[in-house]
Amino acid sequence: QVQLVESGGGLVQAGGSLRLSCTASINIFSFNVMGWYRQAPGKQRELVAAITNIGTANYVDSVKGRFAVSRDSAKNMNLQMSSLKPEDTAVYYCNVRIVTGVSRGEYWGQGTQVTVSS
C-alpha cells in the first residue's frame, strides 16, 4: 500500500502562482507514472499533468505553458502553477500508477484545494 500526501494548496489571486507537492510513503523505483488530477464542483475529475519516472511529461491543453510538473526524487512530485486563472479552481489530487513490482497498482492522495480569485 502506498500513501500519497499533497501540500501547497491555497487561495491566490488571478495571475498568481502556487506550487503543489506530493510525497509518497515509499520510494518508487519501478516504472510508474505520477500525475495531478483536478475536480471542480459539478465537473468530472480531469488529468492536469503527468510525468513518468524517467521524466516524460504531458499536460492538458488548458494548462500548457502555465504549469510545470517535475519529480525531484523517487517519492516526490511537484506542480508549479503560474498565471493562474479562476477556472483553475478545483481540488487537486495526486495519483500514482505503479506498473510493476510488489506495490503495483493505482493510488490517490486526499486532495488539496486550490482557489483562484478574480
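That block above? That's the structure.
I will try to describe carefully the structure that is included in this document. (Residues numbered from 1 in each chain as written. Predicted model: local features only at pLDDT ≥ 70, side-chain atom pairs only at ≥ 80, totals over all residues. Heavy atoms only, no water.)

So, on to the nonpolar core. Residues L4, W36, F67, M77, L79, M81 and Y92 are the most contacted members of the largest nonpolar core, which totals 29 residues. Put simply, the parts of the chain that give this core at least two residues each are β3 (18–24), β4 (32–39), β5 (46–52), β7 (67–71), β8 (76–81), β9 (90–98) and β11 (112–117). It is β9 that contributes the most residues to this core, five residues altogether. Setting aside chain neighbours within four positions, we find F67 in contact with R38, V48, Y59, L79, Q80, M81, S82, L84, D88 and Y92. (Core = buried A, V, L, I, M, F, W, Y, C linked by side-chain atoms within 4.5 Å. Buried < 20%, exposed > 50% of the residue type's maximum accessible area, 1.4 Å probe, protein only. Helix = DSSP H or I, 4+ residues; strand = E, 2+ residues; numbered from the N terminus. Contact = heavy atoms within 4.5 Å.)

Counted under the stated rule, the structure contains two aromatic pairs. With a centroid separation of 6.5 Å and 85 degrees between ring planes, the pair formed by Y93 and W108 is classed as edge-to-face. With Y93 in strand β9 and W108 in strand β10 (residues 105–108), this pair connects stretches of sequence that are 15 residues apart. Here W108 falls in the partly exposed class, since its relative accessible area comes to 33%. These aromatic residues form a ring-pair network of at least three members: Y37, Y93 and W108. A cation over a ring is seen here: R45 above Y93, with NZ or CZ 3.7 Å from the ring centre. The side chain of R45 reaches across the aromatic face of W108, ending 4.7 Å from its centre. (Phe/Tyr/Trp six-rings, centres within 6.5 Å; stacked < 30°, edge-to-face > 60°. Lys NZ or Arg CZ within 6 Å of the ring centre and 35° of its normal.)

Keep in mind these numbers describe shape, not what the thing actually does.
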